[in-house]
Amino acid sequence: PLPRVLSVQSHVVHGYVGNKCAVFPLQVLGLEVDPIYSVQFSNHTGYPLFKGAVFDGEQLRALAAGLEANKLLNHTHLLTGYIGSLSLLEAIADLCAMMKKHSPHLTYVCDPVLGDEGRLYVARELADAYAAHIVPLASVLVPNQFEAETLTGGSIGSLQEALEACDKLHARGPHTVIITSMGLPGDPDAITLVASTRQPQDAGGRLGGAQAMCMRIDRIKAYFTGTGDLFAALLLAWMHHHPADLAMAVEKAVGGLQAVLAETVRHCGAAALAAERTAEVCALRELRLIQCQGQLQDP
Ligand code: ADP
Ligand code: MG
Ligand code: MG
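What you see is a predicted model, and the numbers here were worked out from it, not measured in a lab. For every chain, the first residue of the written sequence is number 1, and numbering continues from 1 along that sequence. Labels follow written order: the first chain is A, the first ligand is 1, and so on. Whole-chain, interface and lining totals are the exception, using all residues; otherwise, since this is a predicted model, local features are given only for residues with pLDDT of at least 70 and side-chain atom pairs are given and counted only at 80 or more. Only hydrogens and water are set aside; all other atoms, that is, all heavy atoms of the structure, feed into the side-chain values.

1. What to know about empty space enclosed by the protein
Link 1 in the chain: Cavity and pocket criteria rest on a 1 Å grid covering protein atoms alone: a 1.4 Å probe that fits but cannot get out defines a cavity, protein on both sides within 12 Å along at least 5 of 7 lines defines an open pocket, and an atom within 4 Å of a point defines a lining residue. Grid points are joined across faces, edges and corners, and a volume is the space filled by probe spheres set on the points. Applying the stated rule across the entire model yields one cavity of 30 Å³ or more.
Link 2 in the chain: Looking at the lining of the largest cavity residue by residue, the classes come out as three nonpolar, two polar and three charged. Classes in brief: Ala, Val, Leu, Ile, Met, Phe, Trp, Tyr, Cys and Pro nonpolar; Asp, Glu, Lys and Arg charged; the others, Gly included, polar.

Encoded structure:
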């Protein structure tokens, strides 16, 4: 049967973050996607201004009830990204439980969007709720370094500490944990990714051993918006295509993502990468997903 993903993430009218970064890549990689929009904004929040509305827990519960009543809540995957409120996060936990009732083998890929580069961009209580109630439900967790530190309550300054953080998170539930970007002391030109899996499953659902890997990625000296969202979607798709080979799935996801970043840099040019973030500059720096369709499919 075709994989079917329920993806709860932001929607922006213009540009690429949240579901705008997830739906197209998942579709071109052959997965069916049902998107739910956790917010609908004019553009991402890094622009000088944004307008729009946020979705609350009651509204999510209504959609879930409608899907369930029509026997449409039989997805193989749940993917969640930015969730702005406690009420929505609680509804996600309930949604996940409902989905597992219909699909006992549901894979929940959770991007615990909490912050970046040392700064929380959600309320502290939301971070605590993630740690207490969402991490235990997730199959695959894809925090950046700051999020992994926030969820485990310690700083991560080495590969060893990254693996220890992964182990702490495995112990709470997720069989696969990927710290999508770390800065290691003495290596400012690199982004290091650390991936760890316990019990990777083969296509028949049999359990295997443990694997861990790290990857060194050339750091582009600029900040991009939506990279984590795109990574989570690509990883979900490639883990579906390579269920017993986490290293392969990670390589393909990073390969597609780096192709998008290279094309984004080429398109916007060095001047815009260094420029102050006016609306015009933000628009120029939007990820070039559509232009990289071929590389997403064959990275
Ligand atoms: P988030 O947006 O959630 O903070 P990350 O910063 O971890 O997510 O980005 C996810 C992936 O995007 C990284 O693993 C890396 O492959 C890529 N990436 C993000 N920023 C850069 C950058 N400046 N240079 C190169 N790759 C990047
Ligand atoms: Mg980041
Ligand atoms: Mg992120």
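Structure's up, so let's keep going.
2. Let's talk about the site of ligand 1
Link 1 in the chain: One heavy atom within 4 Å of a molecule or strand makes the whole residue count as near it. Every one of the 15 residues lining ligand 1 counts as a neighbour, but D116, N144, T180, S181 and I220 are closest to it.
Link 2 in the chain: Nitrogen and oxygen atoms within 3.5 Å of one another constitute a polar contact, given that in protein one can donate a hydrogen and the other can accept it, and given that sequence-neighbouring residues count only through two side-chain atoms. Between ligand 1 and S181, the relevant distance is 2.6 Å, taken from an oxygen atom to a side-chain nitrogen or oxygen of the residue.
Link 3 in the chain: Given that more than half its atoms are within 2 Å of the pocket grid, ligand 1 belongs to the largest pocket.
Link 4 in the chain: Among the elements that make up the shell around ligand 1, the one with the highest residue count is helix α8 (residues 246–274) (three residues).
Link 5 in the chain: Class assignment for the residues of the shell around ligand 1 results in six nonpolar, six polar and three charged. Think of it this way: if more than half of a molecule's atoms are within 2 Å of a pocket's grid points, that molecule is in the pocket or cavity. In this description a helix means any DSSP run of H or I spanning at least four residues, a strand means any run of E spanning at least two, and both kinds are numbered starting from the N terminus.

3. Considerations on unusual backbone geometry
Link 1 in the chain: Its identity is not glycine, yet K71 carries a phi of approximately 55 degrees, on the positive side.
Link 2 in the chain: In this structure, K71 sits in the loop between α2 (57–69) and β4 (77–80).
Link 3 in the chain: Although it is not a glycine, E117 sits at a positive phi angle of roughly 50 degrees.
Link 4 in the chain: Here E117 lies in the loop between β6 (115–116) and β7 (119–120).
Link 5 in the chain: To sort residues, take the accessible area from a 1.4 Å probe on protein chains only and compare it with the maximum for the residue type: under 20% means buried, over 50% means exposed, and anything in between is partly exposed. A relative accessible area of 61% places E117 in the exposed class.

4. Brief notes about the layout of surface pockets
Link 1 in the chain: Roughly 1,400 Å³ of internal volume is contained in the largest pocket.
Link 2 in the chain: When contributions to the lining of the largest pocket are tallied by element, the ones reaching two or more residues are β1 (4–12), β2 (32–41), α5 (145–152), β9 (176–182), β10 (190–198), β11 (210–218), α7 (227–241) and α8.
Link 3 in the chain: Of the residues belonging to the lining of the largest pocket, the class tally is 22 nonpolar, 16 polar and ten charged.

5. Describing the side chain of H11
Link 1 in the chain: Counting through the fold element by element, H11 comes out in strand β1.
Link 2 in the chain: The class for H11 is buried, based on a relative accessible area of 17%.
Link 3 in the chain: For this analysis, residues touch if any pair of their heavy atoms sits within 4.5 Å. Other than its neighbours up to four places away in sequence, H11 contacts K20, Y37, V39, Q40 and F41.

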